[in-house]
Amino acid sequence: MKKILCVLFSLMLLAGCSSAPATEAPASSEAAQEPTTETSTINVYTRDATSGTREAFENAIGLEELTATAIEVSSNGDMATKVGADENGIGYASLSTDFEANNVKPLSFEGVAPSEETVLDGSYAMQRPFAFVTRAAGDFESDEKEQLVAAFLDYLCNSTEGMLVVQSAGGIVNLDESTPWAELAENHPIVNQDNSAITISTCGSTSVEGTLSAALESFVPLAGNFQFVMNQTGSGDGYKRVLGEESTGVNAADIGFASRNFNEDEDVSGAMSSGTYAIDAVVAIVNTANTLTDISADSLNQIYSGTLTDFSAVK
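## Points about the nonpolar core
Part 1 of the reasoning: With 39 residues, the main nonpolar core has Ile-90, Ile-295, Leu-300, Ile-303 and Tyr-304 as its most contacted residues.
Part 2 of the reasoning: For this core, the secondary structure elements donating two or more residues are strand 1 (43–47), helix 3 (52–61), helix 4 (76–84), strand 3 (89–94), strand 10 (274–287) and helix 11 (297–305).
Part 3 of the reasoning: The leading source of residues in this core is strand 10, at 6 residues.
Part 4 of the reasoning: Those residues in contact with Leu-300, other than ones at most four positions away along the chain, are Phe-57, Ile-61, Ile-90, Phe-109, Ala-284 and Ile-295.

## Remarks on unusual backbone geometry
Part 1 of the reasoning: If you check the backbone angles, Asn-103 has positive phi at about 65° while not being a glycine.
Part 2 of the reasoning: When you line up the elements, Asn-103 lands in the loop between strand 3 and strand 4 (104–106).
Part 3 of the reasoning: Overall, the relative accessible area of 33% leaves Asn-103 in the partly exposed class.
Part 4 of the reasoning: The backbone of Asn-225 sits at a positive phi, close to 55°, despite the residue not being glycine.
Part 5 of the reasoning: Since its relative accessible area comes to 44%, Asn-225 is described here as partly exposed.

## Details of the pairing of strand 9 (residues 255–258)
Successive residues of a regular strand alternate their side chains across the two faces of the sheet.
Part 1 of the reasoning: Side chains Ile-255 and Phe-257 of strand 9 all project onto a buried face; the interleaved residues Gly-256 and Ala-258 project onto the opposite face, where all are buried too.
Part 2 of the reasoning: With 4 bridges joining them, strand 6 (residues 127–134) and strand 9 adopt antiparallel strand pairing. By the bridge assignment, Ala-131 is partnered in strand 9 with Ala-258.

## Some thoughts on the layout of surface pockets
Part 1 of the reasoning: Empty space within the largest pocket amounts to approximately 220 Å³.
Part 2 of the reasoning: As for the largest pocket, its lining consists of 13 residues, of which Thr-50, Gly-236, Lys-240, Arg-260 and Glu-266 are closest to the centre.
Part 3 of the reasoning: The residue makeup of the lining of the largest pocket, split by class, is 1 nonpolar, 6 polar and 6 charged.
Part 4 of the reasoning: Taken as a whole, the second largest pocket holds about 180 Å³ of empty space.
Part 5 of the reasoning: Forming the boundary of the second largest pocket are Leu-120, Cys-157, Asn-158, Met-163, Ile-172, Val-173, Asn-174, Glu-177, Thr-276, Tyr-277, Ala-278 and Ile-279.
Part 6 of the reasoning: In terms of residues, the lining of the second largest pocket owes the most to one element, strand 10, which gives 4 residues.
Part 7 of the reasoning: Of the residues contributing to the lining of the second largest pocket, the split by class is 8 nonpolar, 3 polar and 1 charged.

Definitions and limits used
- Residues numbered from 1 in each chain as written.
- Predicted model: local features only at pLDDT ≥ 70, side-chain atom pairs only at ≥ 80, totals over all residues.
- Heavy atoms only, no water.
- Core = buried A, V, L, I, M, F, W, Y, C linked by side-chain atoms within 4.5 Å.
- Buried < 20%, exposed > 50% of the residue type's maximum accessible area, 1.4 Å probe, protein only.
- Helix = DSSP H or I, 4+ residues; strand = E, 2+ residues; numbered from the N terminus.
- Contact = heavy atoms within 4.5 Å.
- Pairing = 2+ DSSP bridges.
- 1 Å grid on protein atoms, 1.4 Å probe; cavity = no way out; pocket = protein on both sides within 12 Å on 5 of 7 lines; lining within 4 Å.
- Points joined across faces, edges and corners; volume = space filled by probe spheres on them.
- Nonpolar A, V, L, I, M, F, W, Y, C, P; charged D, E, K, R; others polar.

Laid out in structure tokens, this is it:
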């Protein structure tokens, strides 16, 4: 009997041992803490489809299809702000942009640095016009306003003083073709009266803001202390609000601007005046922390099409 009890007790012990759960070996702490390799993935910034800056940029780099990951910004200033806050960002802006204030730097393009000299001699290829268009003759609020707008555009486009102001604000002009304002003013007697009750309104390209505001401010004391209102929302609105579908609504303006040539469907033939007052360079910009200094059209094309996604691969 004692032998039977011993056998049964032994069998119970063996059964208990075999039912204990198996324990997996703990993962190696070294493997669990293996660091992830960081990459400088490029964040692409672009403007809206009606932007003159975008048109000039995409034409210069031969871009056919923009990457779906591109981040769209609202204006030239917004572009500089966004890239200036993103160490992995790349964008494009007007040469008249205050790069230092926005923590961005302009890149040379195909080995050529953007400057007044390289734009005028044609060696810097990524450039475009600052164009303007007005309402039709007789379609201003008053004859006096129409005359004042004509005087301002003569000052902006042709006077030595006006062109110097545009140049100092970053616009590119040919001063050899300028005339002293005192001579031009003789054709505009409207500037000799009090014009403080007149307000000139402008619209269109955001890239022209710096040069345009500087020109308007300098012209005010020369033309009877008139008022002005700038509402720059993009090149696509330049034509619409003076001659197009919004020219009779609440967004109507007196002078529209585009940082590109007006398109075929933007018929400016009915304007009192239209033309170009300066040339501008479009520049690729990166955050100042980026070590990149020069970039090719091919690299920009690959970045903006989405086939090149890391700064370490930019040549």
